[in-house]
Amino acid sequence: DVIAGRKTGGEIAGRILVNGHNQDLQTFARVSGYVEQTDNHMESMTVREALRFSALHRLPKAMPYEEKQQVMEAIADVVELTPIL
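Remember, predicted model here, so these are calculated numbers, not experimental data. (Residues numbered from 1 in each chain as written. Predicted model: local features only at pLDDT ≥ 70, side-chain atom pairs only at ≥ 80, totals over all residues. Heavy atoms only, no water.)

Caption draft 1: Quick peek at the overall build of the protein. For the protein, the count of helices and strands is three helices and two strands. Counting helices and strands in the order they occur from the N terminus, the protein gives β-β-α-α-α. The C-alpha atoms of the protein give a radius of gyration of 15 Å, which is well past the 12 Å a tight globule of 85 residues would have. If you line up the protein on its principal axes, its C-alpha atoms span 40 × 30 × 25 Å. (Helix = DSSP H or I, 4+ residues; strand = E, 2+ residues; numbered from the N terminus. Rg over C-alpha atoms; globule rule 2.2 N^0.38 Å.)

So this is what it looks like as structure tokens:
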């Protein structure tokens, strides 16, 4: 929760570093996905469906569906998931 900037209670002390650099929450939010430990993913959902679900809910509402699909495919390629989609 702290690294994702979603800590709502308690006290945070010290520095948050990402790869040895001070964390920039805006950049970190753009390049990472956050899943709470209590979140459950449907075991019947394919990898493609899970990526699509995330893309549709994380990307701007104004972004056309086709562009969201392209982003999803590009991310899958970067993290080398394309062969299993």
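Caption draft 2: Representation of the confidence of the model for the protein. Confidence along the protein averages 86 in pLDDT terms, with 95% of residues attaining 70 or more. The least confident element of the protein, judged by mean pLDDT, is helix 1 (residues 25–31) at 84; the most confident is helix 3 (residues 65–78) at 93. (pLDDT = per-residue confidence, 0-100.)

Caption draft 3: Examining the side chain of Lys68 more closely. Inspection of the secondary structure assignment puts Lys68 in helix 3. Notably, Lys68 is buried but unbridged: the nearest opposite-charge side chain belongs to Glu67, and the N-O separation is 9.3 Å. From its side chain, Lys68 meets the backbone oxygen of Pro60 in a polar contact 3.3 Å long. Non-local contacts of Lys68, meaning those with residues more than four positions away in its chain, are made with Ala55, Leu56, Leu59, Pro60, Lys61 and Met63. (Buried < 20%, exposed > 50% of the residue type's maximum accessible area, 1.4 Å probe, protein only. Lys, Arg positive; Asp, Glu negative; His and termini not counted. Salt bridge = Lys/Arg side-chain N within 4 Å of Asp/Glu carboxyl O. Polar contact = N/O pair within 3.5 Å; in protein donor to acceptor, adjacent residues only side chain to side chain. Contact = heavy atoms within 4.5 Å.)

Caption draft 4: Representation of the pattern of salt bridges in the model. The final tally for this structure, using the stated rule, is one salt bridge. The closest approach of N and O atoms between Glu73 and Arg48, which form a salt bridge, is 2.7 Å. Placement of Glu73 in helix 3 and of Arg48 in helix 2 (residues 47–58) is noted, with a sequence separation of 25 residues between them. Overall, Glu73 belongs to the partly exposed group, its relative accessible area being 27%. For Arg48, a relative accessible area of 26% translates into the label partly exposed.

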